[in-house]
Each structure stands twice: as structure tokens, then as C-alpha cells.
Amino acid sequence: MPATESGSESGSQLVVISEKPPAPRKARPTPIDPGFHYHRLRKAVHVICVAVFFLLPLTNLMRIDIPRQRFYFFSYELWISEFSIIFFSMMFLMFVVAAMAMLWGRVYCGYLCPQMIFSEASIALESWLQRTINKHVGGSTRLRSLLSKAVFYVLAGLASVVLAFVFISYFVEPRDLLHRLLSLDIKTAGGIAGATTTILTLIDFLFVRLRFCTTVCPYGYLQGMLTDGHTLLVHYRDEKHECIECMKCLRVCHMGIDIRNSPYQIECVGCGECIEGCNVILAKLGKPGLIHYVWGETGERLFTGDRPWYQKIGIRDPKRMLVLLVLLFYATGLFTALSMRHAMLVQLAPVRTTLYRVDKDGTVFNTFHLRAANRSRQQQTLVLSIESLPGAHFVAFENAALINPGQTMERDIEIAAPAGAALVPGVNHFRLISRVGNEQDSFDETFITPFQDSR
Ligand code: SF4
Ligand code: SF4
């Protein structure tokens, strides 16, 4: 509004209009690039995780078949008796998860955990149904709310059956399980486990969801023991007091926390949604976001700094070194056990209930127990031979046996040494050789002849 002044000069009225110069307009901030899209990354990782969750048991890539007592580990079909490999695999996977927690905090929870993935999917489905029904269906608010709940319960029930089926497929052969499901079997252990898992999954979908992560999840509590001053965490840093209190970081957080209060809240799963939320808001004002992934509370930001990566992750820390060494130990053990594994397990042991048998022409017989288990998926031919026992041969055994996949052959075989064989009285050391394809095993054995040569 222009200001006016009035006065008189030589009887005439003089009106002076003085105008204040307009206040300089604040330059509009130039928006900047909001940076990395953590939400998109998470959703892509979630899709991959769901695909892996479905594919692992259905393709036998990783599965424990309890009824058949088999452990499938990528291309290996391990028998439950091969405990060392199963032990090393389990311990290796466990320490991989522990090392991840130590280096990257709860990033496993935010990006890879099935509980988190399916809980978020359930929440997203419920709110999408509410929005869609409100938009397209007429009637009272109560009626629409009841309708959206009913549809959600039906879909959650179907999803629970599918997920429980995939989960139990990790322990029971999928075709066998499908047969039990179609016959509504709730009598056998597999059927009962399937029905129980379905009910628990449904309860989880409907009522528990992300509460599980902050109340009972043991992995969440394990973090406290494993994290240290260098562990990756989500940190709010606002030295210049630039926060505009838009609350975007709070609204996008599915764990319902305000990261501005502390970077050490047990509920924070390090998903990075608040980082992206803040970046997007402040980028419109031409400023960088205030929330970042950082290596420890006072550490550098992820992807910044001059120090090499191994310094950033604190490789000199004794606890980290210990965990990495244990990981290396189990990886070496697993690799060694797998490389030493033979498709055919051959065991040979002398039967000493009778030391030897001599027939009337002076031939001496010793009995050995043969156990051969074909752990491969093809039929195998087992060839046995005798070394360093002059003149000896198998009785009623043609040196070779065909063994079907998954079959275990057990039988007693006799080795005969004729009267003229150059054996010493008493104990004669020799070797039994087993060959299956290119694999060969040798067994140091003893052949007993009469201690006083009475032949
Ligand atoms: S505070 Fe941020 S990083 Fe932590 S759970 Fe919430 S949105 Fe994810
Ligand atoms: S999103 Fe950023 S600017 Fe907005 S309240 Fe959170 S920290 Fe402050």
C-alpha cells in the first residue's frame, strides 16, 4: 500500500505520495536431485527374496526332507548321516547372518527378512482394498469397512495356505505335501504341521505383523550384542537446524518411530525409507537431506569419505576379526567336507564273531560286512578288488554290484584264500579297494588264518 503525506504551500494543497521500495523477492530455491531411491531398492530386493523363498524348496536347492532324512544343498543330496556337511552348512549360514548384523546392523531385517516382507505386503493389501472399495462401492461407511475387511480376510487366508505350503515344503517333499493338502490330511505329522503353520501365518498377517520384530524376534535382540561403534546405522544429523518439521520421516516409517530421537532405537530396521523421505522433501528446497546411513554414530556416511572400505568397516576390531575368522573356518570346513564327499558311501568291516573258517580242502574263509549307500541320483556300479593277499578271491560275489539311486545295499561277503596261498599263520594285512566311476576308496583290513598252520 503506498503511503501518503499531505501539507500546504502558498495556499495550495500539496500531496506527496512516497512509495517504499518493494521488499526484494526471495529467490525460489532450485530443487536438487533427491538422490538414491531406497524404497525402490527395497521393493526390488523383496521381490527377489520372495522368488528365492518359493524356488529353494520347490527346486530342491535347499531343503531338509524329514521323512526321507535327506538334506538338499544346491546340487548335493546329503544323507542325514553326513552330519559334518550339514553342521558346517548350518554354522556357516548362521555366522553369515551374524557377520551381516555386525557390519550392517538390522539391514537384514529391513531388506531380506520374510516376516518383514509379508507383514508389509499384508498392510499394503489391506489399505489398498480399503481405498479401492471406498472409491468404487456405494453404501454406508460401516458397510464398506465390513466388505473390505471380509475381502482382506479371505485373501489373507488364501495367502496363508500358499505360504504355509511353501514353508512346510522345506521339510516335506512338495508333491507329497500337495497330496496331503488336497486330501485335507490333519492326521499325519506333515498334515498337522501344515495346518498349524497356516493358522499361525494367518494370525501373523491379521494381528501380529511388525509387532513381531520389536517384541519376540530373537534376531532383533541379537543385534545389541553384535553391533559396535562401526556398525552401519541410520542417523539424523542437523547441525545447522535445518529440519522443517514436515514429519515425512515419521510418516514413511512403518516401524512408527521418529529417527530424530536417537539412532539406537531397537525398532529401527535400517530400511532407509526415512532417508529417502527427508531427501525428497528437502531437495525441493535445494537442500540435502538430514538423515543418512553412517558407519557408527560419529563415523562417515555411506559412499563418502576417502578412507578405504576395509577401514570404514573397522576390520581391525578384534570382535569383527574373530567373527570373520570363525566364518572362514566354517567355510573351509564346508568346502573340505563337500570336496571329500563321495556319491557312494562304502563301508567294509570284518565280521569277527567267527575269526575264520577252514573247509576240508584247507581253504581259509574270512567274512566281511559290506554296506554301500548310493547317495547320487543315478544308478552306480560298485567294483571291489583285493590287494596284497596272494591267491585270495571273493566267494559268491562277482566283484561288482549295481546299486540304484537312494538304495543302501548291506550284505556279508566271504574272502577265500586257497590252501597253497603264501599267507602267514595268524594275521595277514591286506587292502580292499572299492571303485565307483572315478572315485576310489581303500580299506586296510586283516585276514586271519589258523595261528598254528594245520592246513
Ligand atoms: S527410522 Fe527410518 S530406517 Fe529406521 S525403520 Fe523407520 S524408516 Fe526405516
Ligand atoms: S523429513 Fe527431514 S525435514 Fe522433515 S521432519 Fe524429518 S528430518 Fe525434519
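Residues numbered from 1 in each chain as written. Chains lettered and ligands numbered in written order. Predicted model: local features only at pLDDT ≥ 70, side-chain atom pairs only at ≥ 80, totals over all residues. Heavy atoms only, no water.

Bringing the site of ligand 1 into the picture now. Every residue near ligand 1 is listed here: V234, C253, M255, I257, I259, C268, V269, G270, C271, G272, E273 and C274. When the residues that make up the shell around ligand 1 are grouped by side-chain class, the tally is 9 nonpolar, 2 polar and 1 charged. (Near = heavy atom within 4 Å. Nonpolar A, V, L, I, M, F, W, Y, C, P; charged D, E, K, R; others polar.)

Turning next to the environment of T408. Mapped onto the secondary structure, T408 falls in strand β14 (residues 408–417). Owing to a relative accessible area of 32%, T408 belongs among the partly exposed residues under this scheme. In this structure, the C-alpha to C-alpha distance between T408 and M344, residues 64 residues apart in sequence, is 9.5 Å. The contact partners of T408, leaving out residues within four places of it in the chain, are W79, R371, A372 and A373. (Helix = DSSP H or I, 4+ residues; strand = E, 2+ residues; numbered from the N terminus. Buried < 20%, exposed > 50% of the residue type's maximum accessible area, 1.4 Å probe, protein only. Contact = heavy atoms within 4.5 Å.)

With that out of the way, let us pick up the site of ligand 2. Residues in close proximity to ligand 2 include Y236, C243, I244, E245, C246, M247, K248, C249, R260 and C278, which together make up its full environment. When its residues are assigned to classes, the shell around ligand 2 shows 7 nonpolar, no polar and 3 charged.

Burial analysis of strand β7 (residues 291–295) places 5 of its 5 residues in the buried class, the great majority of the element. Neither face of β7 is open: one carries I291, Y293 and W295, the other H292 and V294, and all of them are buried. Bridging between strand β6 (residues 232–236) and β7 involves 5 bridges; their strand directions are antiparallel. Within β7, the position partnered with L232 by the bridge is W295. (Pairing = 2+ DSSP bridges.)

What follows deals with the sheet that holds strand β5 (residues 76–79). Overall, antiparallel pairing links the 3 strands, which are arranged β3-β4-β5 in an open sheet. Of all the strands in the sheet, just β3 (62–65) and β5 have a single pairing partner and so form its edges. Across the sheet, the mean angle separating the axes of adjacent strands is 15 degrees when strand polarity is ignored. Judged from the 4 bridges that link them, β3 and strand β4 (residues 70–73) form a sheet pairing that is antiparallel. Bridged to D65 within β4 is R70. (Axes fitted to C-alpha atoms, helices over the stretch in contact; angles between N-to-C directions.)

Moving on, we come to the layout of surface pockets. Picture a little ball the size of a water molecule; that probe, rolled over the atoms, points out where space is still empty. Taken as a whole, the largest pocket spans an internal volume of roughly 1,800 Å³. Lining the largest pocket are 42 residues, with F53, Y108, P114, F167 and Y170 sitting closest to its centre. Per-element tally for the lining of the largest pocket: the top contributor is helix α7 (residues 189–208), with 7 residues. Of the residues contributing to the lining of the largest pocket, the split by class is 36 nonpolar, 3 polar and 3 charged. Each pocket or cavity is described by its volume, and for the second largest pocket that value is around 340 Å³. Lining the second largest pocket are 20 residues, and of these R106, T227, P263, Y264 and Q265 sit closest to its centre. The set of elements that each furnish at least two residues to the lining of the second largest pocket consists of α9 (218–226) and β6. Counting residues per element, the lining of the second largest pocket draws most heavily on β6, which supplies 3 residues. (1 Å grid on protein atoms, 1.4 Å probe; cavity = no way out; pocket = protein on both sides within 12 Å on 5 of 7 lines; lining within 4 Å. Points joined across faces, edges and corners; volume = space filled by probe spheres on them.)

Turning next to the state of the cysteines. Applying the stated criterion across every chain yields a total of 0 disulfides. Unpaired in this structure, C49 has its nearest cysteine sulfur neighbour in C113, at a distance of 9.3 Å. A residue is classified by how much of its surface remains accessible, and C49, at 17% relative accessible area, is buried. With no disulfide of its own, C113 lies 6.1 Å from the sulfur of C109, the closest cysteine sulfur. The class of C113 is buried, set by a relative accessible area of 14%. (Disulfide = S-S within 2.5 Å.)

Quick look at the pattern of salt bridges now. Here the structure, examined in full by the defined rule, presents 14 salt bridges. The shortest N-O distance in the salt bridge between E273 and R42 comes to 2.7 Å. Here E273, found in helix α11 (residues 273–284), pairs with R42, found in helix α1 (residues 38–58); they are 231 residues apart in sequence, far enough to count as distant. Here R431 ties to E387 by a salt bridge, and the two come within 3.9 Å at their closest N and O atoms. Here E387 lies in strand β11 (residues 380–387) and R431 lies in strand β15 (residues 427–436), a separation of 44 residues in the sequence. A cluster of three or more residues bridged by salt bridges with shared partners is formed by R42, K43, E120 and E273. (Salt bridge = Lys/Arg side-chain N within 4 Å of Asp/Glu carboxyl O.)

Moving on: the packing of α1 against helix α5 (residues 141–169). Direction vectors running N to C along α1 and α5 enclose 50 degrees, while the axes themselves pass 8 Å from each other. Taken as axis vectors, α1 and α5 run oblique relative to one another. As α1 packs across α5, the resulting crossing turns out to be left-handed. For the pair α1 and α5, contact is made by F53, F54, P57 and L58 and by V162, L163, V166, F167 and S169, respectively. (Parallel < 35°, antiparallel > 145°, perpendicular 65-115°, else oblique. Left-handed = near helix turned anticlockwise from the far one by under 90°.)

A contiguous nonpolar patch, built from Y153, I199, L200, I203 and F207 and spanning about 510 Å² of accessible area, is present on the exposed surface. Relative to the elements of secondary structure, F207 occurs in helix α7. (Patch = residues over 30% accessible without salt bridge, like charges linked within 9 Å, V, L, I, M, F, W, Y side chains within 5 Å. Areas by Shrake-Rupley, 256 points an atom, 1.4 Å probe, with all protein chains shown as cover.)

Functional significance is not addressed by these values, which are geometric in nature.
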